[in-house]
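Results of the structural survey
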Amino acid sequence: MNRTKRPNGYWSPERLYAEALKYETRQEFQQKNGAAYKASGLLKIRDQICGHMLKLKNPKGHWTPETLHAEALKYSNKVDFREKSNPAFLTASRKGLLEQICSHMEAGKLPNGYWQNKENCAAEALKYMNRRAFSLANSSAYHGADVNGWLDEICSHMDFNPSSDSNAVYVWKAKGHMFNGLQIYKFGTTSARLEDRRISEVARFAGMEFEIVILTKVTVHASELESQLLQLGINPHYQGFNGATEFRALTDDELKAALDLIDIHKEGSNLGNNLW
């Protein structure tokens, strides 16, 4: 059915407040009633009427040693901490604070000696495209493989310098993520030989589902093309994970402009050369 258009001036502060109470997050509010969400911004009352909502994004510099410790105290094991608060977990790993702030935690859901098993470590290693990502995301598995002498073998599929080729670009859609009423997409570069592994890794760390729009080899240095692509759209200012700065909210026309730009530099003909 067609939605009835509201008359000008319909969204009063009272109506906006009542509408906002229907939603648990700003993202849900924006997705389900973009007109009301936009009106709340124009009236400068968005923060006020969204005060009851859950916060999905923390301001820059939020993760200090104190806030990381407070976040870690919400969980009884590292598995839950990593899965439910991944940006905090990764920040603590990078800052070398993980063991300190997790000292209260149980051993976790995994049985003792789990990461002393080669098959378990190998299965975990397959989730990552380089050793740094592996060590940050699961230091226990990485350490177990290292001390037992399996590290080189189980990491043989990894690329030690994943940006070295820089001969492919990609665009993927962050399913269910909007900014200012626009769909969010991720631009990026990778090595053609790695196929979609870089995409899978970034999406996992970001906690997003992805839909690949294009993944293709290009004739120019991919980072140069990426710089041009990043001039399109609006930056939603994600943070806390690798690749966070390359997300953009795009209109349909901006997405088409991005694909047209990629098509100009795509290797070979327009057919048969997409990696995806």
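See the structure printed just above.
Predicted, not measured: the structure shown is a model, and the values here were computed from it.

Next up on the list: the overall build of the protein chain. The number of helices and strands found in the protein chain is 15 helices and four strands. The burial tally for the protein chain puts 43% of its 276 residues in the buried class. The long-range fraction of contacts in the protein chain, counting pairs at least 24 apart against all pairs at least 6 apart in sequence, stands at 67%. Accessible area for the protein chain stands at about 15,500 Å²; split by element, carbon and sulfur atoms hold 50% of it.

All right, on to the side chain of N33 then. Note on placement: N33 falls in the loop between α2 (26-32) and α3 (34-42). By relative accessible area, N33 is classed as buried at 10%. Apart from residues no more than four positions distant in its own chain, N33 is found in contact with W11, E19 and Y23.

With antiparallel pairing, the four strands of this open sheet are ordered in space as β3-β1-β2-β4. Of all strands in the sheet, those with a lone pairing partner are β3 (209-217) and β4 (247-250), marking the two edges. Across the sheet, the mean angle separating the axes of adjacent strands is 30 degrees when strand polarity is ignored. Note that strand β2 (residues 182-190) and β4 share four bridges and pair antiparallel. Each bridged residue has a counterpart across the sheet, and for Q183 the counterpart in β4 is L250. Relative to the sheet, helix α15 (residues 252-265) contacts β1 (168-179), β2, β3 and β4, its axis offset from that of β3 by approximately 30 degrees.

What follows is about helix α13 (residues 197-206). By the criterion of burial, α13 is predominantly enclosed, with seven of the 10 residues buried. For α13, the secondary structure elements touched by its buried residues are α7 (86-94), α10 (131-137), β1, β2, β3 and β4.

Attention now goes to the pattern of salt bridges. This model, assessed by the stated rule, comprises seven salt bridges. Here E246 and K186 are joined by a salt bridge, their closest N and O atoms 3.5 Å apart. Note that E246 is positioned in the loop between α14 (222-229) and β4 and K186 in strand β2, a separation of 60 residues in sequence. Pair check on accessibility: E246 and K186 agree, each one buried. The closest approach of N and O atoms between K266 and D263, which form a salt bridge, is 3.3 Å. A residue is classified by how much of its surface remains accessible, and K266, at 9% relative accessible area, is buried.

Now for the packing of aromatic side chains. Tallying each qualifying case throughout the model produces 10 aromatic pairs. A centroid spacing of 5.5 Å and a plane angle of 80 degrees characterise the contact between F29 and Y37, whose relative ring orientation is edge-to-face. Look at F29 and you get buried, because its relative accessible area is 0%. Here F134 and Y142 contribute two aromatic rings whose centre-to-centre distance is 5.4 Å and whose plane-to-plane angle is 75 degrees, an arrangement assigned as edge-to-face. An aromatic cluster is present here, built from W172, F210, Y238 and F247 joined pairwise through their rings. Lying over the aromatic face of Y37, R46 brings its terminal NZ or CZ to 3.8 Å of the ring centre. Seen from the ring of F247, K186 lies directly overhead, with NZ or CZ sitting 6.0 Å from the centre.

Our next topic: unusual backbone geometry. Even without being a glycine, K44 presents a positive backbone phi close to 60 degrees. Relative to the elements of secondary structure, K44 occurs in the loop between α3 and α4 (46-49). Note on K44: relative accessible area 75%, which makes it exposed. Phi at N180 is positive, roughly 55 degrees, even though this residue is not glycine. Along the chain, N180 falls in the loop between β1 and β2. Owing to a relative accessible area of 46%, N180 belongs among the partly exposed residues under this scheme.

Basis of the calculations
- Residues numbered from 1 in each chain as written.
- Predicted model: local features only at pLDDT ≥ 70, side-chain atom pairs only at ≥ 80, totals over all residues.
- Heavy atoms only, no water.
- Helix = DSSP H or I, 4+ residues; strand = E, 2+ residues; numbered from the N terminus.
- Buried < 20%, exposed > 50% of the residue type's maximum accessible area, 1.4 Å probe, protein only.
- Contact = heavy atoms within 4.5 Å.
- Areas by Shrake-Rupley, 256 points an atom, 1.4 Å probe, with all protein chains shown as cover.
- Pairing = 2+ DSSP bridges.
- Axes fitted to C-alpha atoms, helices over the stretch in contact; angles between N-to-C directions.
- Salt bridge = Lys/Arg side-chain N within 4 Å of Asp/Glu carboxyl O.
- Phe/Tyr/Trp six-rings, centres within 6.5 Å; stacked < 30°, edge-to-face > 60°.
- Lys NZ or Arg CZ within 6 Å of the ring centre and 35° of its normal.

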